[in-house]
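Okay, here's what each chain looks like letter by letter:
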Amino acid sequence: MTLTVCGLIGSPFFRKILTQLNEKGVDFEVEHLSPFGAGDDFTKINPARRIPVLKDSDNGDDWVLPDSTAIFHYLEKKLPEPALVPAELADYGRTLWFEEYADTEMASTIGLGIFRKMVFPQMQGKEPDVDGAMEVIRGKLIGINDYIDASLEGRDWLVGDMISVADISVAVQYANLSFTGYVPSANRWPNLSSFMQRIGARDSFAGPHVKAVAAFAEMKKLDVSPEEGL
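We now turn to the structure provided with this report. Just so we're clear, the structure is a prediction, and the values are computed from it rather than from any experiment.

Parameters at a glance
Residues numbered from 1 in each chain as written. Predicted model: local features only at pLDDT ≥ 70, side-chain atom pairs only at ≥ 80, totals over all residues. Heavy atoms only, no water. Helix = DSSP H or I, 4+ residues; strand = E, 2+ residues; numbered from the N terminus. Rg over C-alpha atoms; globule rule 2.2 N^0.38 Å. Buried < 20%, exposed > 50% of the residue type's maximum accessible area, 1.4 Å probe, protein only. Contact = heavy atoms within 4.5 Å. Areas by Shrake-Rupley, 256 points an atom, 1.4 Å probe, with all protein chains shown as cover. Lys, Arg positive; Asp, Glu negative; His and termini not counted. Charge placed at Lys NZ, Arg CZ, Asp CG, Glu CD. Phe/Tyr/Trp six-rings, centres within 6.5 Å; stacked < 30°, edge-to-face > 60°. Lys NZ or Arg CZ within 6 Å of the ring centre and 35° of its normal. 1 Å grid on protein atoms, 1.4 Å probe; cavity = no way out; pocket = protein on both sides within 12 Å on 5 of 7 lines; lining within 4 Å. Points joined across faces, edges and corners; volume = space filled by probe spheres on them. Nonpolar A, V, L, I, M, F, W, Y, C, P; charged D, E, K, R; others polar. Axes fitted to C-alpha atoms, helices over the stretch in contact; angles between N-to-C directions. Parallel < 35°, antiparallel > 145°, perpendicular 65-115°, else oblique. Left-handed = near helix turned anticlockwise from the far one by under 90°. Core = buried A, V, L, I, M, F, W, Y, C linked by side-chain atoms within 4.5 Å.

1. Some points on the overall build of the protein
- Scanning the protein from N- to C-terminus turns up nine helices and four strands.
- Taken from N to C terminus, the helices and strands of the protein fall in the order β-α-β-α-β-β-α-α-α-α-α-α-α.
- Here the protein has a C-alpha radius of gyration of 18 Å; the compact-globule value for 230 residues is 17 Å, and the two agree.
- Its C-alpha atoms put the protein at 55 × 45 × 25 Å along the principal axes.
- Within the protein, the fraction of its 230 residues that count as buried is 49%.
- For the protein, contacts bridging at least 24 residues in sequence account for 71% of all contacts bridging at least 6.
- About 11200 Å² of surface is accessible on the protein, with carbon and sulfur atoms providing 52% of the total.
- Each charge class in the protein was averaged separately, 22 positive and 34 negative side chains, and the resulting centres sit 4 Å apart.

This is how it looks when you write it as structure tokens:
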């Protein structure tokens, strides 16, 4: 069996799958794949033109699977231990909800609203859109931070007593937020802050995260005053 995860280290969805495989302790390969400027061959693999993409030699040389959610749950079936989805039905449903929330609402707000405004212009040699990013941080992101912080009240993980796809999906989005220089206030959102420290201490998450930090190290960052309570 050879598993190959194709994508870019800066993608939270790519690191979501790397973290999963690291948690399971299996060997895998990484292949650089950028959706930017990719040709028609990439469209044939994934008409949505997004990363990551998974290759599994057990299914033949031409088999590929796009989309982090599809990949994650495929791998859970293929490699069930240790489980990263709960067995209990109610917890399973909640886990799927947090994964969906992270992959859509959080990805849109953090990825499109903040990360792209800061990172993408600099990739083109332009100045980042600091005002646009701060507008999102002072606005829509507050509600997301409130929700995740409240969901973590009195608990280590978002669902049940184990790390799951819910936690990984949420954490990789906040990791991309940190690449812009902004981290939610530990005073205002203590549960969220503790959660990120907890998952950040896991080798499965830290390995890919450190590589991504290096990729964005030289970029200009946001400078948010602590007095704002953000």
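2. A few points about the packing of aromatic side chains
- Tallied over the entire structure, the rule returns eight aromatic pairs.
- With centroids separated by 6.2 Å and ring planes inclined at 80 degrees, the aromatic side chains of Trp157 and Phe195 adopt a geometry described as edge-to-face. Residue Trp157 is found in the loop between α6 (140-151) and α7 (165-178), and its partner Phe195 is found in helix α8 (residues 190-200); the two are separated by 38 residues along the sequence.
- Owing to a relative accessible area of 0%, Phe195 belongs among the buried residues under this scheme.
- We note Arg198 situated over the ring of Trp157; from NZ or CZ to the ring centre the distance is 6.0 Å.

3. Topic: the layout of surface pockets
- There is about 1200 Å³ of room inside the largest pocket.
- Surrounding the largest pocket, 43 residues form its lining, Ser11, Pro12, Phe13, Ile51 and Arg116 being those nearest its centre.
- Put simply, the parts of the chain that give the lining of the largest pocket at least two residues each are α1 (12-24), β2 (29-32), α3 (68-78), α4 (89-123), α7 and α9 (203-215).
- For the lining of the largest pocket, the leading source of residues is α4, giving 12 residues.
- Empty space within the second largest pocket amounts to approximately 230 Å³.
- Together, Tyr174, Ala175, Ser178, Val183, Pro184, Leu192, Ser193, Met196, Gln197, Gly200, Phe205 and His209 line the second largest pocket.
- Elements with a minimum of two residues in the lining of the second largest pocket: α7, α8 and α9.
- Of the residues forming the lining of the second largest pocket, the biggest block, five residues, is contributed by α8.
- Partitioning the lining of the second largest pocket into residue classes produces seven nonpolar, five polar and no charged.

4. Notes on the packing of α6 against α7
- At a closest axis distance of 13 Å, the pairing of α6 and α7 adopts a crossing angle of 140 degrees. Considering their axes alone, α6 and α7 lie oblique with respect to each other. When the axes of α6 and α7 are compared, the crossing they make is left-handed. Of the residues in α7, those touching α6 at Leu141, Ile144, Asn145 and Ile148 are Val170, Tyr174 and Leu177.

5. Section: the nonpolar core
- In this structure, Met106, Ile148, Tyr174, Tyr182 and Leu222 are the most contacted members of the largest nonpolar core, which totals 59 residues.
- With residues near it in sequence (within four places) discarded, Ile148 still touches Phe98, Tyr101, Met106, Leu158, Val170, Tyr174 and Leu192.
- Cys6, Leu33, Phe42 and Ile51 belong to the second-largest nonpolar core, a separate cluster that totals six residues.

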